[in-house]
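For reference, the chains in residue letters:
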Amino acid sequence: MNLNSLPIVSVLSDHVTIVQKDDVKIVRVQHPKAEAGISLFGGHVVSFKPQDQEDVIWMSQQAVFDGKTALRGGIPVCWPWFGRIATPAHGFARSTQWTLVEHKENEQGVMIRLGMKPSEASLAIWPHQFEALLDIEISDTLNVSLKVKNTDTIEWAFSGALHSYFNIADILYTEITGMGDHYLDSLKDGKVSLGGETLTFSSGVDRVYTHPKSEIKISDPKNHRFITVENQGSNAAVIWNPWELASSMADMEDDGYQTMVCVESTLHAPSIEEGKVLQPQESYTLSTKIGVIAS
Ligand code: TA6
């Protein structure tokens, strides 16, 4: 996503500026190592462009920046649950206003920290006290870490994902390795399935890979690169491309599926209760590290 033509709201430092896209404020990072954008609505990375690279992150040209609708593309923060196991789908974090807590920079890059706390709206959906911090480190690589803390007096359970949409030149030429071979097929009611070592695409894919390797590699040959994804704190890697379903999505171009693929750092659970349990004062971190290698 090109953030350079958006109106400036405030300049925070040499490398960090707040810009406005419709009803949404975006933290824009311009550093010799990389450019990036992080929407305060949703705590949502919308762009990561290492020097001399095409954007690594895909954003829909029809994403709605009204400050109410979850953004299509980028890195949605799905929390305190992943999927449709409760309402709203993928939790409320991606449609909540986050605050900018801190920003730091040096010659290696920029660190942005966002925060989210409970509100009347969140307590009505999920009646628990928590603190959430999102650390985004922009350098040659992009590191995104979601740290959640139970600040309640009783335990609670959660699941979640950093639902990264990657920008690839052509889905027909894209291959993914490192996701492992065991998966639950969400297009077949979660059927336990076994795949090969390399995933290619010729129709829609929506899979929860349950034994991913430490590094997942997306080959993007027409952009002359591999995108690498290293996840931590996850128990699965979800891979998604909607294919023809894109035409039924209001905020995605009909042919949008041709240039995107999601590889998600996921803490997967079949229900909220079966998710990761945090005792009072306990914290948990889910993260993803995204890099690019020339091919
Ligand atoms: O992560 C894959 C998935 O759960 C798919 O099933 C698909 O629906 C996608 O996320 C997008 O969900 P959304 O709620 O953003 O439309």
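Predicted model only: the values in this text are computed from it and were never measured. (Residues numbered from 1 in each chain as written. Predicted model: local features only at pLDDT ≥ 70, side-chain atom pairs only at ≥ 80, totals over all residues. Heavy atoms only, no water.)

(A) Spatial organisation of the overall build of the protein chain. Counting secondary structure elements, the protein chain contains 1 helix and 24 strands. Rg of the C-alpha trace for the protein chain: 18 Å, near the compact-globule value of 19 Å for 295 residues, within the 12% margin. Projected onto its principal axes, the C-alpha coordinates of the protein chain cover approximately 45 × 45 × 35 Å. Split into buried and exposed, the 295 residues of the protein chain put 52% on the buried side. At a minimum sequence separation of 6, the contacts of the protein chain that also span at least 24 residues come to 63%. Accessible area for the protein chain stands at about 13000 Å²; split by element, carbon and sulfur atoms hold 46% of it. For the protein chain, the separation between the mean place of its 23 positive charges and that of its 37 negative charges on side chains is 2 Å. (Helix = DSSP H or I, 4+ residues; strand = E, 2+ residues; numbered from the N terminus. Rg over C-alpha atoms; globule rule 2.2 N^0.38 Å. Buried < 20%, exposed > 50% of the residue type's maximum accessible area, 1.4 Å probe, protein only. Contact = heavy atoms within 4.5 Å. Areas by Shrake-Rupley, 256 points an atom, 1.4 Å probe, with all protein chains shown as cover. Lys, Arg positive; Asp, Glu negative; His and termini not counted. Charge placed at Lys NZ, Arg CZ, Asp CG, Glu CD.)

(B) Expanded view of the site of the ligand. Taken together, Arg72, Phe82, Arg84, His90, Arg94, His163, Asp206, Val238, Trp240 and Glu264 make up the full set of residues adjacent to the ligand. Here Arg94 contributes a side-chain N or O atom positioned 2.8 Å from an oxygen atom of the ligand. For the ligand, whose free accessible area comes to 390 Å², the fraction covered by protein is 83%. Classifying every residue of the shell around the ligand gives 3 nonpolar, 2 polar and 5 charged. (Near = heavy atom within 4 Å. Polar contact = N/O pair within 3.5 Å; in protein donor to acceptor, adjacent residues only side chain to side chain. Nonpolar A, V, L, I, M, F, W, Y, C, P; charged D, E, K, R; others polar.)

(C) Quick peek at unusual backbone geometry. Residue Trp79 is joined to Pro80 through a cis peptide bond whose omega torsion reads 5 degrees. Considering the arrangement of structural elements, one finds Pro80 in the loop between β6 (77–78) and β7 (99–106). Residue Pro88 follows Thr87 across a cis peptide bond; omega there is 0 degrees. With respect to the helices and strands, Pro88 occurs in the loop between β6 and β7. Here the phi dihedral of Asp52 falls at roughly 65 degrees; this positive angle occurs in a residue that is not glycine. By relative accessible area, which is 76% here, Asp52 ends up exposed. Even without being a glycine, Trp243 presents a positive backbone phi close to 50 degrees. You can see Trp243 is positioned in the loop between β21 (236–241) and β22 (260–267). A relative accessible area of 12% places Trp243 in the buried class.

(D) Structural view of the UniProt feature "active site" (unreviewed entry) in the protein chain. Mapped onto this numbering, the UniProt entry annotates "active site" (unreviewed entry) at His163 and Glu264. A stretch of 102 residues holds the annotated residues, and the largest C-alpha distance among them is 4.5 Å, short enough that they meet in one place. Note on placement: His163 falls in the loop between β12 (160–162) and β13 (165–167). The buried category is assigned to His163, whose relative accessible area is 6%. Those residues in contact with His163 that lie beyond four places of it in its chain are Gly74, Ile75, Pro76, Cys78, Phe82, His90, Trp240, Cys262 and Glu264. In this fold, Glu264 is placed in strand β22. (UniProt positions renumbered as here; feature names shortened; annotations may be inferred.)

(E) Up close: the sheet that holds strand β2 (residues 16–21). If you trace the 5 strands from one edge of the open sheet to the other, you get β1-β2-β3-β4-β5, paired in antiparallel fashion. Single-partner strands in this sheet number two, and they are β1 (8–11) and β5 (44–50). Taken pair by pair, the neighbouring strands of this sheet meet at an average axis angle of 20 degrees, ignoring direction. (Pairing = 2+ DSSP bridges. Axes fitted to C-alpha atoms, helices over the stretch in contact; angles between N-to-C directions.)

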